[in-house]
Amino acid sequence: MHTAGFGPENARDPAAGPPPEPPAAGASAGGATGASAAGRASGLLQSIRRELLPGLLIESAAPHRDPVVARRVPAPWVLLGAGNYAAVLCHPGHPDLVAKVYAPGRPGLEEEAEVYRRLGSHPAFSECLYAGEGFLVLGRIRGETLYDRLRLGLPIPERVIEDVDGALLYARTRGLRPHDVHGRNVMVQEGRGLVVDVSDFLREEACPAWADTKRAYHWLYRPILRPLGLRVPYPVLEVARRLHRRLRRSGDRSAPAPGGGG
Ligand SMILES: Nc1ncnc2c1ncn2[C@@H]1O[C@H](COP(=O)(O)OP(=O)(O)OP(=O)(O)O)[C@@H](O)[C@H]1O
Ligand SMILES: [Mg+2]
């Protein structure tokens, strides 16, 4: 089990004291320039440095299998979600932004910032306003992941799938290769689909995750789950997620999982 906090005892260079305030390295989605993006994020940056990082305790028990777990979240921060690399949190005073805090030692932050820079502005992606010091500041997406919509029995309209298809085509036009787009990395906001996790879009190899997610949507969700209005219980989703992950890792692509892998 790998447990780490972000308090001073865990700072990357404890002797260096509080980190300097580096310039924003974020992408310029939403028409924001680097300077205006930094301006929009500046209030939140203070809170991240003074409240969030010193108090946050996140744990990565099985880094290659399960999402990180937040053991301690300092008030008034709220945990919105967690992936295998990072936890995503918001502050009530800055409701349109989130902090994506990477678990210590987990790679990918610079790559994710670079992907956002290349993506620029597109309605099916978030925007990155700041990157550095182990976290990103992103635009907040409101809604649920496909995974959570299955769990809650909320509808997943066809339009969401089309939006993500369009987003991934767009990403390719920016020289990126969509990767790891599955049920926990797609959210539904006001009936539209958005891709929330672009951290692996610089990787070279092809990834079947979105094709598998769509197969599950067309063969399992649309003909069976949706008409019956079934909620998929969390344990079933977790078994499907782990199975899909294992099959992907062993190169067997034949079994789609509801809600995709992850
Ligand atoms: N911009 C956002 N606005 C709101 N919620 C978000 C946002 N980005 C991520 N989330 C939530 O946080 C969760 C984890 O974020 P994300 O998928 O980026 O982490 P990750 O560790 O990179 O994931 P992975 O294991 O897929 O690599 C998402 O599943 C989603 O629920
Ligand atoms: Mg993710």
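This section reports on the structure supplied with the text.

Basis of the calculations
Residues numbered from 1 in each chain as written. Chains lettered and ligands numbered in written order. Predicted model: local features only at pLDDT ≥ 70, side-chain atom pairs only at ≥ 80, totals over all residues. Near = placed C-beta within 6 Å. Helix = DSSP H or I, 4+ residues; strand = E, 2+ residues; numbered from the N terminus. Nonpolar A, V, L, I, M, F, W, Y, C, P; charged D, E, K, R; others polar. Buried ≥ 20, exposed ≤ 12 C-beta atoms within 10 Å, placed from the backbone. Arc of directions from axis to C-beta. Contact = placed C-beta atoms within 7 Å. Pairing = 2+ DSSP bridges.

### Let's talk about the site of ligand 1
Move 1: In the vicinity of ligand 1 lie 22 residues, with Gly81, Gly83, Asn84, Tyr85 and Val88 positioned nearest.
Move 2: Listed by contribution, the elements that provide at least two residues to the shell around ligand 1 are β4 (78–82), β5 (86–90) and β6 (97–102).
Move 3: In terms of residues, the shell around ligand 1 owes the most to one element, β4, which gives three residues.
Move 4: A breakdown of the residues in the shell around ligand 1 according to their chemical character gives nine nonpolar, eight polar and five charged.

### Some points on helix α2 (residues 109–119)
Move 1: Restricting attention to buried positions, one finds in α2 the residues Leu109, Glu112, Ala113, Val115, Tyr116 and Leu119. Within α2, the buried residues cover an arc of 155° as seen down the axis, which keeps them to one side.
Move 2: For α2, the elements touching its buried residues are β6, β7 (128–132), β8 (135–139) and α4 (158–173).
Move 3: Looking at the residues trailing α2, positive phi occurs at Gly120, about 60°.

### Things to note about the sheet that holds strand β11 (residues 192–195)
Move 1: Here we have three strands laid out as an open sheet, ordered β9-β10-β11, and antiparallel in their pairing. Looking along the sheet, the strands with just one partner apiece sit at the ends: β9 (144–145) and β11.
Move 2: Examined bridge by bridge, strand β10 (residues 186–189) and β11 share four bridges and lie antiparallel to one another. Each bridged residue has a counterpart across the sheet, and for Met187 the counterpart in β11 is Leu194.

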